[in-house]
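Tertiary structure, described
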Amino acid sequence: MKRVLFIDRDGTMILEQPPTYQIDSLEKVVFYPKVFKYLGKIAAELDYELVLVSNQDGLGTNSFPEDTFHPAHNHIINTFAGEGIVFVREHIDRSLPADNLPTRKPGIGMLQQYFNGDYDLANSYVIGDRITDVKLAQNLGAKAIWLNQDPTLGAAEVGAGSDLKNVVALESTDWAKIYEFLKIGLRTVSHDRTTKETDIHIELNLDGTGKADIQTGLGFFDHMLDQIARHGSIDMVVRAKGDLHIDEHHTIEDTGLALGEAFAMALADKKGMERYGFCLPMDDCLAQAAIDFGGRNWIVWDAEFKREKIGRCLRRCSSTSSSRSPTRRRPT
Ligand SMILES: [Mg+2]
């Protein structure tokens, strides 16, 4: 799934120009400090689609004729493109606040295509200077990076009672800090997977320190997942609520699926991964698992057990049975 940076223009890429806040001449185009260097690094190094989303009040009317807008806008876009910062799409709304149109930020009328399932909105960001950009992030189910120069800008369009505290992932007016935040955050994801049988929440930081907070309702499974975090230096939160009154298989299977999805999201384009890893045998056992991150999933299961399970039995289980059943399976 693709992750997106929905980037505001005025106050974010270029400076706002009060009192009109209308960029209708080249003289009014003043680029935001450090934006070329750090948005350029974001474009070159990080795996985000860049999308421009802008309200241009009354564009095309007598108060803001098109022929005053386009020379300045083209100059901005061409200058950014020259620095390797290319927007795959531009969404520009022309209405006024009083029109109250769904296409105007914080509305998402222009952005319906991002809900088609191809986009990882939960791990995408709106970067903007107005509270309406923060509200847009909330409406998209994304997070906000708020260049908060003036909290009153756009406040009237958000409305009272909007709780946006949890939407703001970073508040900074410094593009260097935005770059650092995104660079670290790229390999950090939050992922939810809900079915009729299970409700699973995962938080994953591939560049963590091995901290784990695992609650699946299955003690031994928690312990095994904890090993992944501890020995992989991965920070991991797992909350699984499953139909354990039936048995454990839905919870284990769906947690594995959700965790795999979270890893795939966190790895994104897999930049920086080595092609091959290594295996470290322990003193008292040898278990090998070769994991292919290339999407060619396959399992060969050939193991002998002296007892049915380890850990607390949810149902009556034998402690003497043995099983050895080679299994080959390609998950679908
Ligand atoms: Mg703005």
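Before any of the text, the structure's been laid out above.
Summary of the structure given here. None of the values given here were measured: they were computed from a predicted structure. (Residues numbered from 1 in each chain as written. Predicted model: local features only at pLDDT ≥ 70, side-chain atom pairs only at ≥ 80, totals over all residues. Heavy atoms only, no water.)

A look at the packing of helix H1 (residues 35-45) against helix H5 (residues 175-185)
A pair of packed helices is characterised by two quantities: the angle between their axes and the separation of those axes. Convention followed: Axis lines are fitted to C-alpha atoms, over the contacting stretch for helices. Their N-to-C directions set the angle, which ranges from 0 to 180 degrees. A run of H or I in DSSP counts as a helix once it spans at least four residues, and a run of E counts as a strand once it spans at least two, with each numbered from the N terminus. Any angle that is under 35 degrees is reported as roughly parallel, and any over 145 degrees as roughly antiparallel; angles of 65 to 115 degrees are reported as roughly perpendicular and all others as oblique. Put simply, a crossing is left-handed when the front helix is turned counterclockwise from the back one by less than a right angle, and right-handed when it is turned clockwise. When checking whether two residues touch, look at their non-hydrogen atoms; a contact exists if any pair is within 4.5 Å. Under the convention adopted here, Pro, Cys and the residues Ala, Val, Leu, Ile, Met, Phe, Trp and Tyr are nonpolar, Asp, Glu, Lys and Arg are charged, and Gly plus all remaining residues are polar.
Across the interface, H1 lies against H5 with an axial gap of 8 Å and an inter-helix angle of 15 degrees. Here H5 runs roughly parallel to H1, going by the angle between their axes. Handedness of the crossing formed by H1 with H5: left-handed. Taking contact as the criterion, the partners of Val35, Tyr38, Leu39, Lys41, Ile42 and Glu45 in H1 are, on H5, Trp175, Ala176, Ile178, Tyr179, Leu182 and Lys183. For the contact of H1 with H5, the class distribution of residues is 9 nonpolar, no polar and 3 charged.

What to know about the sheet that holds strand E6 (residues 168-171)
Note the following rule: When DSSP finds at least two bridges between two strands, those strands are taken to pair.
Taken in spatial order, the 6 strands make up an open sheet running E3-E2-E1-E4-E5-E6, and their pairing is parallel. Edge positions in the open sheet fall to strand E3 (89-93) and E6, since each of these has one partner strand only. Neighbouring strand axes in the sheet, compared pairwise and without regard to direction, differ in orientation by 20 degrees on average. Sheet topology places strand E1 (residues 4-7) next to strand E4 (residues 125-128); 3 bridges connect them, and they run parallel.

Digging into the pattern of salt bridges
Rules: A pairing counts as a salt bridge when a side-chain nitrogen of Lys or Arg comes within 4 Å of a carboxyl oxygen of Asp or Glu. Throughout this description, buried means an accessible area under 20% of the type-specific maximum (1.4 Å probe, protein chains only), exposed means over 50%, and partly exposed covers the range between.
What the rule picks out here adds up to 18 salt bridges. Lys105 serves as the salt-bridge partner of Asp8, at 3.0 Å between the closest nitrogen and oxygen. Of the two residues, Asp8 is situated in the loop between E1 and H1 and Lys105 in the loop between E3 and E4; the sequence distance between them amounts to 97 residues. Between Lys28 and Asp24 there is a salt bridge, with the nearest N and O atoms lying 2.9 Å from each other. With relative accessibility at 24%, the residue Lys28 sits in the partly exposed group. Note on Asp24: relative accessible area 24%, which makes it partly exposed. Each of the salt bridges in this network shares a partner with another, and the network as a whole consists of Lys2, Glu49 and Arg89.

Considering H1
Listed in full, the buried residues belonging to H1 are Val35, Tyr38, Leu39, Gly40 and Ile42. On its buried face, H1 sits against E1, helix H2 (66-82) and H5.

Details of the packing of helix H6 (residues 219-232) against helix H7 (residues 249-267)
Two elements in contact, H6 and H7, have axes whose closest approach is 12 Å; the angle formed by their N-to-C orientations is 15 degrees. What the angle tells us is that H6 and H7 run roughly parallel. Classified by chirality, the crossing of H7 by H6 is right-handed. Residue-level inspection shows Phe221, Leu225 and Ile228 of H6 in contact with H7, the latter providing Thr251, Ile252, Thr255, Leu259 and Phe263. Looking at side-chain class alone, the contact of H6 with H7 contains 6 nonpolar, 2 polar and no charged residues.

With respect to the nonpolar core
Applicable threshold: Residues belong to a common nonpolar core when they are buried Ala, Val, Leu, Ile, Met, Phe, Trp, Tyr or Cys residues joined through side-chain atoms within 4.5 Å.
Within the largest apolar cluster, 32 residues are counted, with the highest numbers of intra-cluster contacts made by Leu5, Ile42, Ile127, Trp175, Ile178 and Leu182. At the level of elements, E1, H1, strand E2 (49-55), H2, E4 and H5 are the ones that each hand at least two residues to this core. Tallying contributions element by element places H5 first for this core, with 5 residues. Apart from the residues within four sequence positions on either side, Leu182 is in contact with Leu5, Ile42, Leu46, Tyr48, Tyr125, Ile127 and Ile145.

Regarding the coordination of the magnesium ion
This is how it is decided: Distances decide who is a donor: an N, O or S atom must be within 2.8 Å of the metal, or within 3.2 Å for Na, K and Ca. Water is not included, so sites may look incomplete.
Within the protein, the atoms that donate to the magnesium ion are Asp8 (OD), Asp10 (O) and Asp129 (OD), at distances of 2.1 to 2.2 Å. Along the chain, the residues that donate to the magnesium ion are spaced as D-x1-D-x118-D. Taken together, the residues Asp8 in the loop between E1 and H1 and Asp129 in the loop between E4 and helix H3 (131-140) connect sequence positions 121 residues apart. Accessibility expressed as a relative area gives 6% for Asp8, which makes it buried. Taking the relative accessible area as the measure of exposure, Asp129 reaches 3% and is therefore buried.

Looking at unusual backbone geometry
That bond from Pro18 to Pro19 is cis: its omega, 10 degrees, falls within 30 degrees of zero. Among the structural elements, Pro19 can be located in the loop between E1 and H1. Of note, Lys34 is a non-glycine position whose phi angle comes to about 70 degrees, a positive value. Here Lys34 lies in the loop between E1 and H1. If you check the backbone angles, Ser233 has positive phi at about 50 degrees while not being a glycine.

Re the layout of surface pockets
To keep things clear, this is the line we draw: Residues are said to line a cavity or pocket when one of their atoms sits within 4 Å of a point; the points come from a 1 Å grid over protein atoms alone, cavities being sets where a 1.4 Å probe fits but cannot get out and pockets being open sets with protein on both sides within 12 Å along at least five of seven lines. Grid points are joined across faces, edges and corners, and a volume is the space filled by probe spheres set on the points.
Roughly 350 Å³ of volume is contained in the second largest pocket. Along the wall of the second largest pocket there are 22 residues; nearest its centre are Tyr21, Asn55, Asp57, Arg104 and Arg130. Contributing elements (two or more residues each) for the lining of the second largest pocket: E2, H3 and helix H4 (155-158). Here the lining of the second largest pocket gets 3 residues from one element, more than from any other, and that element is H4. Grouping the constituent residues of the lining of the second largest pocket by class yields 5 nonpolar, 7 polar and 10 charged.

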